[in-house]
Amino acid sequence: MNILNFIKNWTLPVSIGTGIGVYLIFALIPALDGFATKASPVFATLLPVFMFCVLFVTFCKVDFRKMRPVAWHWWVAVFQVLCVVAVMAAILALGLHGRALVLAEALLTCIISPCASAAPVVTQKLGGNLEEMTTYTFLSNFITALMIPVCFPLLDGGREMHFLAAFSLILYKVFTVLVVPMLLAYVVKHHAKRLCQRIVSVKDLSYYLWGCSLLIVSGTTMKNIFHADTTLRFLLLIAAGSLLLCIFQFACGRTIGRRFGETVNAGQGLGQKNTAFAIWIACTYLSPLSAVGPGCYILWQNIINSIEIWRAQISEK
């Protein structure tokens, strides 16, 4: 029982530690190489399944009539755009190249990427507004889809990126990740009410499903870091930069939200990022090494989430 209580209270750190530990076991024991090679595509398939289930369960709890933009949405969105503009201006004005450019791109992907699709899960756990957070998740994804085709061609003049093609591809990913589970949840909520009630009655179901997906993501992140073609010192520099950026974004989001009495929502909206998406855009449009930035950001943001949830649990007692 003590072990179960520990897992329930520290789900996110346990998921992160387990994912990293399992990867290290398979990476350091040569006899397990064959199994690891066969298991890799299985985990790659399981991750989107878990994320789909997380969002489906979360959306079953959403009151769709309350989903509308509110003031803090626009302030957080404008702040994100200004941060992207500032980083882009610094890169272009200073003419960054080599490792300096890779570091800047690693941080840029952590800023420009949208609010995490799992942010409503944590927000609800912290006592925030589920509908407002869900609405901002969609708004944030749309803003990201606009900014990437505008900004990224400026970083690599040799890479041709058509605005409509990139915009459409990103919106397609948003549709499959966010819209499809929301539509399914809407159908279940209004036409299969008994099933919806049974799903909603399972306490913290979406939270524990997210813990399972985080286990896979943590192992994948450690794999990417181990296989990064660079020095340990530069990896540590990227990790430190993403840590400072993570703290900065959470703090600024909470500061903005405090003006509107929405500290939790705004903090999660700006600080909790869709890092899987950030890794994808880094590998697709920028230097693959810059993907280490959002890879490390995964660990930092979930450590912050764990501390926030622990503090919320303490305050409830």
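Residues numbered from 1 in each chain as written. Predicted model: local features only at pLDDT ≥ 70, side-chain atom pairs only at ≥ 80, totals over all residues. Heavy atoms only, no water.

To continue, consider the overall build of the protein. Looking only at helices and strands, one finds 14 helices and zero strands in the protein. Element order for the protein, N to C, with α for helix and β for strand: α-α-α-α-α-α-α-α-α-α-α-α-α-α. Its C-alpha radius of gyration of 19 Å places the protein within 12% of the 20 Å reference for a compact globule of 317 residues. In the protein, which comprises 317 residues, the proportion classed as buried is 48%. Pairs at least 24 apart in sequence give 82% of the contacts found in the protein among residues at least 6 apart. With the model as given, the accessible surface of the protein reaches about 15600 Å², and the carbon-plus-sulfur share is 70%. (Helix = DSSP H or I, 4+ residues; strand = E, 2+ residues; numbered from the N terminus. Rg over C-alpha atoms; globule rule 2.2 N^0.38 Å. Buried < 20%, exposed > 50% of the residue type's maximum accessible area, 1.4 Å probe, protein only. Contact = heavy atoms within 4.5 Å. Areas by Shrake-Rupley, 256 points an atom, 1.4 Å probe, with all protein chains shown as cover.)

A separate point is the pattern of salt bridges. This model, assessed by the stated rule, comprises two salt bridges. Across the salt bridge formed by R65 and D63, the nearest N and O atoms sit 3.2 Å from each other. Overall, D63 belongs to the buried group, its relative accessible area being 18%. Linking E308 and R254 is a salt bridge whose minimum nitrogen-to-oxygen distance equals 3.4 Å. In this pair, E308 sits in helix α14 (residues 292–316) while R254 sits in helix α11 (residues 232–258), placing the two residues 54 residues apart along the sequence. (Salt bridge = Lys/Arg side-chain N within 4 Å of Asp/Glu carboxyl O.)

Within the largest apolar cluster, 81 residues are counted, with the highest numbers of intra-cluster contacts made by V84, Y136, I148, F152 and W210. Broken down by element, the residue count for this core peaks at 11 residues, all from helix α7 (residues 130–155). Counting 11 residues, the second-largest nonpolar core is a separate cluster that includes V102, A106, F234 and L289. (Core = buried A, V, L, I, M, F, W, Y, C linked by side-chain atoms within 4.5 Å.)

A few words now on helix α5 (residues 98–112). For α5, which comprises 15 residues, the first-to-last C-alpha distance of 21 Å matches the rise-based estimate of 21 Å (1.5 Å per residue) to within 8%. Those residues of α5 lying buried are L101, V102, A104, E105, A106, L108, T109, C110, I111 and I112. (Expected span 1.5 Å × (residues − 1).)

Helix α13 (residues 275–285) packs onto α7 with a crossing angle of 25° between their chain directions and a minimal axis gap of 13 Å. Classified by the angle between their axes, α7 and α13 sit roughly parallel to one another. As for how α7 packs across α13, the hand of that crossing is right-handed. Across the interface between the two elements, T144, I148 and F152 from α7 touch F277, I281 and Y285 from α13. The class makeup of the residues in the contact of α7 with α13 is five nonpolar, one polar and no charged. (Axes fitted to C-alpha atoms, helices over the stretch in contact; angles between N-to-C directions. Parallel < 35°, antiparallel > 145°, perpendicular 65-115°, else oblique. Left-handed = near helix turned anticlockwise from the far one by under 90°. Nonpolar A, V, L, I, M, F, W, Y, C, P; charged D, E, K, R; others polar.)

It is worth spelling out the side chain of T135 at this point. Secondary-structure assignment places T135 in helix α7. With near-sequence residues (within four places) excluded, T135 lies in contact with M67, R68, P69 and H73.

On to a nonpolar patch on the surface. A cluster of nonpolar residues, I303, I307, W310 and I314, forms a patch on the protein surface that exposes about 370 Å² of accessible area. Looking at the secondary structure, you find I314 in helix α14. (Patch = residues over 30% accessible without salt bridge, like charges linked within 9 Å, V, L, I, M, F, W, Y side chains within 5 Å.)

Below, the discussion takes up the side chain of N305. With respect to the helices and strands, the residue N305 is situated in helix α14. Non-local contacts of N305, meaning those with residues more than four positions away in its chain, are made with L12, V122, W210, F250, Q268 and Q272.

Tracing the backbone through its elements, the reader meets I304 in helix α14. Setting aside residues up to four positions removed in sequence, I304 forms contacts with C246, I247 and F250.

Let's shift gears to the packing of aromatic side chains. Under the defined criterion, the tally for this structure stands at four aromatic pairs. Aromatic pair W72 and Y136: ring centres 5.3 Å apart, planes at 40°, arrangement tilted. On the criterion of sequence distance, the pair formed by W72 in helix α4 (residues 71–94) and Y136 in helix α7 is long-range, its members being 64 residues apart. Relative accessible area serves as the criterion here: at 0%, Y136 is assigned to the buried category. With a centroid separation of 6.1 Å and an interplanar angle of 35°, the aromatic rings of F79 and F248 are classed as tilted. Placement of F79 in helix α4 and of F248 in helix α11 is noted, with a sequence separation of 169 residues between them. F79 gets classed as partly exposed once you look at its relative accessible area, which sits at 22%. Over the ring of F234 we find R99; its NZ or CZ atom is 5.2 Å from the centre of that ring. When the ring centre of W75 is taken as reference, the NZ or CZ atom of R259 above it lies at 4.7 Å. (Phe/Tyr/Trp six-rings, centres within 6.5 Å; stacked < 30°, edge-to-face > 60°. Lys NZ or Arg CZ within 6 Å of the ring centre and 35° of its normal.)

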